[in-house]
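Structural overview
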Amino acid sequence: MRYIFLPSNAEMRLRILHALDKPVDKLTVSEICQASGVSRQTFYRNFASKYDIAFWFLGLIDSLYLGEIGRSLSWTKGHELALSMLYEEHDYLKFAFAENPDVRAVEKRLKIRYETVIETLQDFKKAHIDDELLYFARFYVFTGEALIVEWCLSNTPYPPAIFKKYFSACMPERLRNLLNEPAAPVTRDQQRKIVTTGTAAAHAHTDGRLSCAAMHA
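Remember, it's a predicted structure, so these values are computed and weren't measured experimentally. (Residues numbered from 1 in each chain as written. Predicted model: local features only at pLDDT ≥ 70, side-chain atom pairs only at ≥ 80, totals over all residues. Heavy atoms only, no water.)

**Some words on the environment of Phe167**
The topology assignment puts Phe167 in helix H9 (residues 160–170). Separated by 19 residues in the primary sequence, Phe167 and Ile148 place their C-alpha atoms 8.8 Å from one another. For Phe167, the residues in contact, after removing those within four places along its chain, are His79, Tyr140, Gly144, Leu147 and Ile148. (Helix = DSSP H or I, 4+ residues; strand = E, 2+ residues; numbered from the N terminus. Contact = heavy atoms within 4.5 Å.)

Structure below.
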């Protein structure tokens, strides 16, 4: 698989993620740097600590796909792309999660995810935000995150299509219906975020914000 038009810093960060060959708790930053071929200065320019690697990757998935559900992507397509990318990186990602994650970091991430969903419902879908919908959004974000992380940590994860089917079946129907279709057609810039398979070669993009690089074949 080749990742096309990812943020410009993603190549280096994926290189660091791919250096994880055992649980991050059992690795030092020096060992990660040696395995990835980067300096400590480069590592800390990209991550505050080794425990930020997992949060960065989940945040990347959010910005590319999950955060676009109901905006430029449908519920089905957004989850399909997000889960496929997580599945591709499973062998490395399962080592990135700490045994005892920083509660504040988790809460911060979930707060951002929750606020993004509410913003999508309110500003893009023009939905009436009542107590029921607030609860459904919290259930989707908090329970959904736990299910996704558990899936990432599994030694034998369900294939993305199966997990997406089970995951969607668990989510409140009213919320799924509201986010079922994108609010507007996908623009060319948004299309650049799509993960594609079987690409013959990487292409250069020089706008300083996005890069188009083959991460692994």
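**Comments concerning the packing of aromatic side chains**
Two aromatic rings, taken as a pair, are described by how far apart their centres are and by the angle between their planes. Per the counting criterion, the structure on display carries ten aromatic pairs. Arranged with centres 6.3 Å apart and planes meeting at 65°, the rings of Tyr140 and Phe167 form a pair that is edge-to-face. Separated by 27 residues along the polypeptide, Tyr140 in helix H8 (residues 131–153) and Phe167 in helix H9 bring together distant segments of the chain. Take Tyr140 and Phe167: they sit in the same class, and that class is buried. Linked through ring pairs, Trp75, Tyr87, Tyr140, Trp151, Phe163 and Phe167 together constitute an aromatic cluster. The ring of Tyr114 is capped by Arg138, whose NZ or CZ atom sits 5.7 Å from the centre of that ring. Across from the ring centre of Phe142, 4.5 Å away, lies the NZ or CZ of Arg138, which sits over that ring. (Phe/Tyr/Trp six-rings, centres within 6.5 Å; stacked < 30°, edge-to-face > 60°. Buried < 20%, exposed > 50% of the residue type's maximum accessible area, 1.4 Å probe, protein only. Lys NZ or Arg CZ within 6 Å of the ring centre and 35° of its normal.)

**Quick look at the confidence of the model for the protein**
With 82% of its residues at a pLDDT of 70 or more, the protein shows a mean pLDDT of 85. Confidence drops under a pLDDT of 50 for residues 193–217, and excluding neighbours within four residues, the segment shows 61 contacts in the predicted structure. (pLDDT = per-residue confidence, 0-100.)

**Details of unusual backbone geometry**
In this structure, Lys126 is a non-glycine residue whose phi angle is positive, near 55°. With respect to the secondary-structure elements, Lys126 resides in the loop between helix H7 (103–124) and H8. The class of Lys126 is exposed, set by a relative accessible area of 66%.

**Quick look at helix H5 (residues 75–88)**
Under the 1.5 Å per step criterion, the end-to-end length of H5 is 20 Å for 14 residues, consistent within 8% with the ideal 20 Å. By the burial criterion, the buried members of H5 are Trp75, Gly78, His79, Leu81, Ala82, Leu83, Met85 and Leu86. (Expected span 1.5 Å × (residues − 1).)

**Regarding H7**
Given a rise of 1.5 Å per residue, 22 residues ought to cover 32 Å, and the 31 Å separating the end C-alpha atoms of H7 matches this to within 8%. For H7, the full list of buried residues reads Arg109, Leu110, Arg113, Tyr114, Val117, Ile118, Thr120 and Leu121. Down the axis of H7, the buried side of the element spans an arc of 165°, and every buried residue falls inside it. Projecting away from the buried face of H7 at angles above 90 degrees are the exposed residues Arg104 and Lys108. Looking at the buried positions of H7, the neighbouring elements they touch are helix H4 (52–64), H8 and helix H10 (173–178). Residue Asp102 occupies the N-cap position of H7, its side-chain oxygen lying 2.9 Å from the main-chain nitrogen of Arg104. Just downstream of H7, Lys126 is the residue with a positive phi angle, here 55°. (Arc of directions from axis to C-beta. Polar contact = N/O pair within 3.5 Å; in protein donor to acceptor, adjacent residues only side chain to side chain.)

**Overview of the nonpolar core**
By size, the foremost hydrophobic cluster in this structure holds 57 residues, and its most contacted members are Phe57, Leu86 and Tyr140. The set of elements that each furnish at least two residues to this core consists of helix H1 (10–17), helix H2 (29–36), H4, H5, H7, H8 and H9. In terms of residue count, the dominant contributor to this core is H8 (nine residues). Contact partners of Phe57, with chain neighbours within four places excluded, come to Leu14, Leu17, Met85, Leu86, Glu89 and Leu93. (Core = buried A, V, L, I, M, F, W, Y, C linked by side-chain atoms within 4.5 Å.)

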